[in-house]
Amino acid sequence: MKMKILKNGVEEPAMMTKSKSDKTLSLRVLFLVLLVLLAIILCVYMFFLSPFYAIEDGSGTEPSENRKYHIVVVGRSQNESFLTEIFTGAEEHSSEYDCVVELNIPKSSVENESMQNLLDYAAYTNADGVIAYMDEADSLVQVPLNKDKETIPLVTVAQYLPSVSQISYIGTNYSELGRKISYECSTYLHGYGSLIIINTNMENNPNYSILMSSLTTSLSGWINIDTSVVELESSIEIHKRNGLVERKIRNDEVKLIVCLSTEDTIHAAQLLTDMGMTGDIGIIGFGEGSVVEKYLENGVVTELLSIDSQKIGRSALKELFEYIRYGHANNYITADVCVKKAGSL
């Protein structure tokens, strides 16, 4: 019988060596079997179990993996806060329509993403509908097509563009907005006092012209309210030291400043803060964002009017699915105006 000499000098029969070899082989086979079983379990999890777990969408809250429809909200980075609110309003009701809502905006203004590229993203993802924040520069964009070469339903907000094939437009009634601001002014002044309206929009914008005309016409009906319009080239000039607005405040005993944009509202608040006149003069502003909201919270801004952008998101989603399901939608919807007052937050 052949013998094997071990290192310690002890001889072991060949049968014993064979037995150990069999054990090693068995362990290897067992290890391979376990690896195969583990791989099978992972495959089963990935393909059969994981879709039933909640997959977070853009808001980080709703399960969306198995929803039937895909809606994209697009716009430029300078309108990010407004777009985020629109997205939030739409996303809150997305489960009712069995859809995923996605917010797609450039990461920064440096990217200078064109509206056409943003819309083409909807075509690339084969979206079922688009909500887009557009302005006058976007009048030549082409509405994207899905994989079947059919037009993807588009709802636009902010600026109505007759040249763009949109199923609905959700915008502001600027005439009604002017009357609303006038009412808030007269209420604040109790029908008596002096106010200034700051106008930094020198462009020939028809919507802004309607707003200014409605506001000044409505205020002219109050015979005991003295209204002046201060025209400036930019918002920065509002809190310029010894500038036109500051001189007007000191000389005319102004009790209220009316601003028609977020930037104007912020600069007016900075001016009153620098002058130490916070609380002595009211500011009725228009716009939204964390900075102007902070001034409102601290009482520097008296009232803040803004478009109900979350409701725009809800309305846009509703219009898209009216069209998807029934083939029609409302052509024009008026956005609501929110009024927030200092001390009520």
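In case you missed it, the structure is sitting above this.
Residues numbered from 1 in each chain as written. Predicted model: local features only at pLDDT ≥ 70, side-chain atom pairs only at ≥ 80, totals over all residues. Heavy atoms only, no water.

Another point: the overall build of the protein. Per the secondary structure count, the protein includes nine helices and 14 strands. Looking at the protein residue by residue over its 345 residues, the buried ones come to 42%. Counting only contacts in the protein whose residues sit at least 6 apart along the sequence, the fraction spanning at least 24 positions is 68%. Accessible surface, the protein as shown: approximately 19600 Å² in total, 53% of it carbon and sulfur. (Helix = DSSP H or I, 4+ residues; strand = E, 2+ residues; numbered from the N terminus. Buried < 20%, exposed > 50% of the residue type's maximum accessible area, 1.4 Å probe, protein only. Contact = heavy atoms within 4.5 Å. Areas by Shrake-Rupley, 256 points an atom, 1.4 Å probe, with all protein chains shown as cover.)

Here we take up a nonpolar patch on the surface. Taken together, Leu34, Val36, Leu37 and Ile40 make up a surface patch of nonpolar side chains, about 360 Å² in accessible area. Within the secondary structure, Leu34 is located in helix H1 (residues 14-49). (Patch = residues over 30% accessible without salt bridge, like charges linked within 9 Å, V, L, I, M, F, W, Y side chains within 5 Å. Salt bridge = Lys/Arg side-chain N within 4 Å of Asp/Glu carboxyl O.)

For the rest of this paragraph, the subject is the sheet that holds strand E6 (residues 154-158). Taken together, the six strands give an open sheet; going across it, the order is E4-E3-E5-E6-E7-E13, and neighbouring strands pair in parallel fashion. Each having just a single partner strand, strand E4 (99-104) and strand E13 (332-334) make up the two edges of the open sheet. Going across the sheet, the axis of each strand differs from the next one's by a mean of 20°, ignoring polarity. Its contacts with the sheet place helix H3 (residues 115-124) against strand E3 (69-74), E4, strand E5 (129-134) and E6, and it is angled at close to 170° to E5. Contacts from helix H9 (residues 309-326) reach E3, E4, E5, E6, strand E7 (168-171) and E13, with the element oriented near 140° to E5. (Pairing = 2+ DSSP bridges. Axes fitted to C-alpha atoms, helices over the stretch in contact; angles between N-to-C directions.)

Right, let's get into the nonpolar core. Ranked by internal contacts, the top residues of the largest apolar core, which has 44 residues, are Ile181, Leu195, Val258 and Leu260. Discounting residues that sit within four places of it in the chain, Leu260 has contacts with Ile181, Ile197, Tyr208, Leu211, Met212, Leu215 and Phe286. Core analysis: the second largest hydrophobic core is formed by 25 residues, Leu232, Leu271, Tyr295 and Val301 among them. (Core = buried A, V, L, I, M, F, W, Y, C linked by side-chain atoms within 4.5 Å.)

Each pair of packed helices gets described by two things: the angle between the helix axes and the distance between those axes. Contact geometry for helix H2 (residues 80-92) and H9: axes closest at 6 Å, N-to-C directions at 50°. Classified by the angle between their axes, H2 and H9 sit oblique to one another. Of the two possible hands of crossing, H2 and H9 adopt the one that is right-handed. Facing H2, whose interface residues are Phe82, Glu85, Ile86, Thr88, Gly89, Ala90 and Glu92, H9 presents Ser309, Gln310, Ile312, Gly313, Arg314 and Leu317. The residue inventory of the contact of H2 with H9, partitioned by class, reads five nonpolar, five polar and three charged. (Parallel < 35°, antiparallel > 145°, perpendicular 65-115°, else oblique. Left-handed = near helix turned anticlockwise from the far one by under 90°. Nonpolar A, V, L, I, M, F, W, Y, C, P; charged D, E, K, R; others polar.)

The subject of this paragraph is the side chain of Asn207. Here Asn207 shows up in helix H5 (residues 206-219). Contacts of Asn207, omitting those with residues within four sequence positions, involve Gln159 and Tyr174.

Let's shift gears to the environment of Ile152. By the element assignment, Ile152 lies in the loop between E5 and E6. Expressed as a C-alpha distance, the spacing of Ile152 and Ala123, which sit 29 residues apart in the sequence, is 7.8 Å.

To continue, consider the pairing of strand E12 (residues 303-307). In summary, the side chains of a regular strand alternate between the two faces of the sheet. Counting buried positions along E12 yields five of five residues, so the element is predominantly enclosed. By the alternation rule, side chains of E12 split into Glu303, Leu305 and Ile307 and Leu304 and Ser306, which are all buried. Pairing of strand E11 (residues 282-286) with E12 involves three bridges; the strand directions are parallel. Bridge pairing in E12 links Phe286 to Leu305.

This next bit is on H5. When the terminal C-alpha atoms of H5 are compared, their 20 Å separation across 14 residues agrees well with the 20 Å that a helix rising 1.5 Å per residue should span. For H5, the full list of buried residues reads Asn207, Tyr208, Leu211, Met212, Ser214, Leu215 and Leu219. The buried residues of H5 all sit within an arc of 165° when viewed along its axis, so they share a single face. (Expected span 1.5 Å × (residues − 1). Arc of directions from axis to C-beta.)

With 16 residues, helix H4 (residues 174-189) should reach 22 Å at 1.5 Å per residue; the first-to-last C-alpha distance of 23 Å fits that figure. Along H4, the residues classified as buried are Leu177, Gly178, Ile181, Ser182, Glu184, Cys185, Ser186 and Leu189. Taken from the residues just after H4, His190 is the one with a positive phi, measuring 55°.

Below, the discussion takes up the sheet that holds strand E8 (residues 193-199). Strand order in the open sheet formed by six strands is E9-E8-E10-E11-E12-E14, and the pairing between neighbours is mixed. Every interior strand has two partners, whereas the edge strands, strand E9 (225-231) and strand E14 (337-341), have only one. Going across the sheet, the axis of each strand differs from the next one's by a mean of 15°, ignoring polarity. Sheet topology note: the E8/strand E10 (residues 256-259) ladder contains four bridges and is parallel. Bridge pairing in E10 places Ile198 opposite Cys259. Packing against the sheet, helix H6 (residues 244-252) makes contact with E8, E9 and E10, and its axis sits at approximately 160° to E9. Lying on the sheet, helix H8 (residues 290-297) is in contact with E12 and E14; it crosses E12 at an angle near 145°.

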